[in-house]
Amino acid sequence: MSKRALQKYLADLKKKELEEQILDLYQRFPLVKEYYDFVFNPKEDKLIQQAKTKISNEYFPLKRKRPKARRSVAQKFIKHFNKLGVEPHLVADLMLYNLEIAQSFSISRNVPDAFYKSMANSFTEAVHFISINGLILDFKDRIVKIYTITQEQNWLFEEEFSRALDIID
């Protein structure tokens, strides 16, 4: 169904029928429920804190012995928060948190090359997102610190980290 056809269909509905359909969607689909819960009661800080806890658990698990260290967990949260319309400042904070926790993890572990490539992509995305949203002044210190640690720990793909940092300048 096209957007135009949907608009025509919705325009033909009576207010009561429209309310019933929205309530039905709310009850049937968890994503719709989550969207409306967020719109009417946006506890952004709580959502970000829950995401940080889950990301941290990826690298430093509390219930299992081995860390999974999956970048995809953080990426799913970031994508989801962007869809919901969470404040860009909070999303940027989460992006940088993911990199900081990964750096803490890499100090004590022997990680594969793919880990460094993945973190270079995350760094590039974070710097780009922060730049687009005009948040450079707020996050410049953290970005430079992350970059400096990658240099001190001799991370692979140093050129990609440098290229991403050029966006700031």
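For the structure, see preceding data.
Residues numbered from 1 in each chain as written. Predicted model: local features only at pLDDT ≥ 70, side-chain atom pairs only at ≥ 80, totals over all residues. Heavy atoms only, no water.

**Q** How would you sum up the packing of helix H7 (residues 113-132) against helix H8 (residues 136-152)? Please name residues and give values.
**A** Any two packed helices are characterised by how steeply their axes cross, that is the angle between the axes, and by the distance between the axes. At a minimum axis distance of 10 Å, the contact between H7 and H8 shows a crossing angle of 165 degrees. By the angle between their axes, H7 is roughly antiparallel relative to H8. The handedness of the crossing between H7 and H8 comes out as left-handed. Two secondary-structure elements touch here, H7 through Phe123, Val127, Ile130 and Ser131 and H8 through Ile136, Phe139, Ile143, Ile146 and Tyr147. Here the residues of the contact of H7 with H8 are counted per class, giving 8 nonpolar, 1 polar and no charged. (Axes fitted to C-alpha atoms, helices over the stretch in contact; angles between N-to-C directions. Helix = DSSP H or I, 4+ residues; strand = E, 2+ residues; numbered from the N terminus. Parallel < 35°, antiparallel > 145°, perpendicular 65-115°, else oblique. Left-handed = near helix turned anticlockwise from the far one by under 90°. Contact = heavy atoms within 4.5 Å. Nonpolar A, V, L, I, M, F, W, Y, C, P; charged D, E, K, R; others polar.)

**Q** With reference to specific residues and values, describe the side chain of Glu44.
**A** With respect to the secondary-structure elements, Glu44 resides in helix H4 (residues 44-59). Buried and without a salt bridge, Glu44 has Lys52 as its closest oppositely charged side chain, separated by 13 Å. Contact partners of Glu44, with chain neighbours within four places excluded, come to Phe38, Gly85, Val86, Glu87 and Leu90. (Buried < 20%, exposed > 50% of the residue type's maximum accessible area, 1.4 Å probe, protein only. Lys, Arg positive; Asp, Glu negative; His and termini not counted. Salt bridge = Lys/Arg side-chain N within 4 Å of Asp/Glu carboxyl O.)

**Q** Residue-level account of H7, with values.
**A** Relative to the 28 Å expected for 20 residues at 1.5 Å per residue, H7 spans 29 Å between its end C-alpha atoms, a close match to the ideal helical length. When we look at burial in H7, the residues that qualify are Phe115, Tyr116, Ser118, Met119, Ala120, Ser122, Phe123, Ala126, Val127, Phe129 and Ile130. For H7, the elements touching its buried residues are H4, helix H5 (71-84), helix H6 (88-108), H8 and helix H9 (158-166). In the stretch just after H7, Gly134 is the one whose phi turns positive, near 65 degrees. (Expected span 1.5 Å × (residues − 1).)

**Q** Describe the packing of aromatic side chains, with residues and values.
**A** Applying the stated criterion across every chain yields a total of 12 aromatic pairs. Cluster of aromatic residues (ring-pair linked, three or more members): Tyr59, Phe60, Phe105, Phe115, Tyr116, Phe123, Trp155 and Phe161. In this structure, Lys117 packs its charged tip against the face of Phe157, placed 5.4 Å from the ring centre. (Phe/Tyr/Trp six-rings, centres within 6.5 Å; stacked < 30°, edge-to-face > 60°. Lys NZ or Arg CZ within 6 Å of the ring centre and 35° of its normal.)

**Q** Describe in detail the nonpolar core, supporting the description with residues and values.
**A** Counting residues in each nonpolar core, the largest one holds 44 residues, and the members touching the most others are Ile55, Phe115, Phe123 and Ile143. Sorting the residues of this core by element identifies H4, H5, H6, H7, H8 and H9 as the ones contributing at least two each. The greatest single-element share of this core, amounting to 11 residues, is contributed by H6. Ignoring anything within four residues of it in the chain, the contact list for Phe123 reads Leu99, Ile143, Ile146, Tyr147, Phe161, Ala164 and Leu165. (Core = buried A, V, L, I, M, F, W, Y, C linked by side-chain atoms within 4.5 Å.)

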